[in-house]
Amino acid sequence: MVLTLKPQGLYCPAGDFFIDPWRPVDRALITHAHSDHARPGHKRYLATPLTKAVMRHRLGDITCQTINYATEQKIGDATVSYHPAGHVPGSAQIRVEVGGEVWVVSGDYKTTDDGLSTPFEPVRCHGFITECTFGLPIFRWTPENQLRADITAWWQRCAAEGKTAILGAYALGKAQRLMAGLNPDLGPILTHGAVEATNQVLREHGVTLPDTCVVTKDTDRKAYPGALVIAPPAALGSAWARKFGPREEAFASGWMALRGVRRRRALSTGFIVSDHADWPGLLEAIQATGAEKVLATHGYTATFSKYLNTLGYDAGVLETEFTGEDADPEADPEKIAS
């Protein structure tokens, strides 16, 4: 068995290491820096350079070795390499080979090239552990060029109406992806402190982003007419957002594909985009691996694995503590799937 599940997380006996463990371990191989995958308390970490940088920002002075994409490293009797996942900057799939058998742990991934993260590269393997955060046919993302055009048009409309446009996006990955596709000549781009802190880490490690201005308690909101503000989703509808005066709020998320979620969030505008693979992307990625065995984790695992079995895969469910892109609590999976 190349990989097995222990209470701490996914474990490789041949190398005596865990991949994205959710409880403290001696050696943790990390796919990316989102908090459900990169948790505090491990004695030793292994990650890509960008993931290490963001983890150090979030977790403090951890002991972390770096590994570049496609570089093989022997750990015990296992051979390990990291490969682009296309999820967020620095994200990786982890390939583990033991005795000629190859398994790939995808972490989180998307097959769309967002122009910021290193694009997803399929890795041939015998077994593939896939996320399926959006593992239903209803989830299909807006093409990248159309997405940028739609956000630009919304921003320009808000400015013409004398409103501040506030866009909710996760602080690592999606926020930078969206701002990288904007034309800064259209107006000032302001950021919430959580977004700007991540921007700074990525800029220091060679990621090119447009100029932004962080919002502080001393910021005069009226000094930035026609601004676009990028903030974490939790800031939408908050006292922080209300200080901008006349405004329009929008949320960039895969969950915006569900009209009920948008309605419950009281949003007039939602952009259908995610840093996770949509339905066609999941199927494309799995087929490209050539894997015979597929284990689905975090998302619509039962429905998705059942469908994979109809395609001829030996598919099952791997129960983990990963969350993917947080859903609206009222987005009932059974109702959506029916």
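The following paragraphs examine the structure supplied in this document. Given the structure is predicted, the values throughout are model-derived calculations rather than measurements.

**Some remarks on the sheet that holds strand β9 (residues 92–98)**
Remark on secondary structure: sheet strands pair via backbone hydrogen bonds, oriented parallel or antiparallel. Here we have 7 strands laid out as an open sheet, ordered β7-β8-β9-β10-β11-β18-β19, and mixed in their pairing. The two strands at the open ends of the sheet, each matched to only one other strand, are β7 (73–75) and β19 (314–317). Along the sheet, successive strands turn relative to each other by an average axial angle of 25 degrees, direction set aside. Alignment of strand β18 (residues 293–299) against β19, held across 4 bridges, turns out to be parallel. The partner of Ala296 across the bridge, within β19, is Val317. In the packing of helix α7 (residues 279–289) onto the sheet, contacts are made with β11 (127–132) and β18, and the angle to β11 comes to roughly 175 degrees. The strands touched by helix α8 (residues 301–310) are β11, β18 and β19; relative to β19, the strand with the most contacts, the crossing angle is about 170 degrees.

**Focus on the pattern of salt bridges**
Scanning the model with the defined rule gives 19 salt bridges in all. The salt bridge involving Arg157 is made with Glu248; its shortest N-O contact spans 2.6 Å. Highlighted residues: Arg157 in helix α2 (residues 144–160) and Glu248 in strand β16 (residues 247–252), separated in sequence by 91 residues. On the basis of relative accessibility, which here comes to 33%, the residue Arg157 falls in the partly exposed class. For Glu248, a relative accessible area of 8% puts it in the buried group. Its salt-bridge partner being Arg177, residue Asp275 comes within 2.9 Å of it at the nearest N-O pair.

**Notes on the sheet that holds strand β14 (residues 213–214)**
Taken in spatial order, the 6 strands make up an open sheet running β14-β13-β15-β12-β16-β17, and their pairing is parallel. What marks the edges here is a single partner per strand, and that holds for β14 and β17 (269–271). Examined bridge by bridge, strand β13 (residues 189–191) and β14 share 2 bridges and lie parallel to one another. Opposite Thr191, over in β14, you have Val214 as the bridge partner.

**Things to note about α7**
The complete set of buried residues in α7 reads Trp279, Gly281, Leu282, Ala285, Ile286 and Thr289. Down the axis of α7, the smallest arc covering the buried residues is 165 degrees, so these residues share one side. On its buried side, α7 packs onto β11, β18 and α8. Sitting at the amino-terminal end of α7 is Asp278, which places a side-chain oxygen 2.9 Å from the backbone nitrogen of Gly281. Just past α7, the residue Gly290 takes up positive phi, approximately 70 degrees.

**Thoughts on the nonpolar core**
Within the largest apolar cluster, 42 residues are counted, with the highest numbers of intra-cluster contacts made by Met55, Trp154, Leu167, Leu182, Leu228, Ile230 and Phe271. The element contributing the most residues to this core is α2, with 5 residues. When residues no more than four places from it in sequence are discounted, the contact partners of Ile230 are Leu167, Ala169, Ala175, Met179, Leu182, Ile189, Leu190, Thr191, His192 and Val195.

**Describing the environment of Tyr300**
Checked against the element boundaries, Tyr300 lands in the loop between β18 and α8. Judged by its relative accessible area of 7%, Tyr300 is buried. For the pair Tyr300 and Val317, spaced 17 residues apart in sequence, the C-alpha to C-alpha distance is 9.7 Å.

**With respect to α8**
Restricting attention to buried positions, one finds in α8 the residues Thr301, Phe304, Ser305 and Leu308. The buried residues of α8 all sit within an arc of 95 degrees when viewed along its axis, so they share a single face. In α8, the exposed positions that point more than 90 degrees away from the buried face belong to Ala302, Lys306 and Thr310. If you follow the buried residues of α8, they end up packed against β11, α7, β18 and β19. Gly312 sits one or two residues past α8 and shows a positive phi near 105 degrees.

What counts, and at which threshold
- Residues numbered from 1 in each chain as written.
- Predicted model: local features only at pLDDT ≥ 70, side-chain atom pairs only at ≥ 80, totals over all residues.
- Heavy atoms only, no water.
- Pairing = 2+ DSSP bridges.
- Helix = DSSP H or I, 4+ residues; strand = E, 2+ residues; numbered from the N terminus.
- Axes fitted to C-alpha atoms, helices over the stretch in contact; angles between N-to-C directions.
- Contact = heavy atoms within 4.5 Å.
- Salt bridge = Lys/Arg side-chain N within 4 Å of Asp/Glu carboxyl O.
- Buried < 20%, exposed > 50% of the residue type's maximum accessible area, 1.4 Å probe, protein only.
- Arc of directions from axis to C-beta.
- Polar contact = N/O pair within 3.5 Å; in protein donor to acceptor, adjacent residues only side chain to side chain.
- Core = buried A, V, L, I, M, F, W, Y, C linked by side-chain atoms within 4.5 Å.

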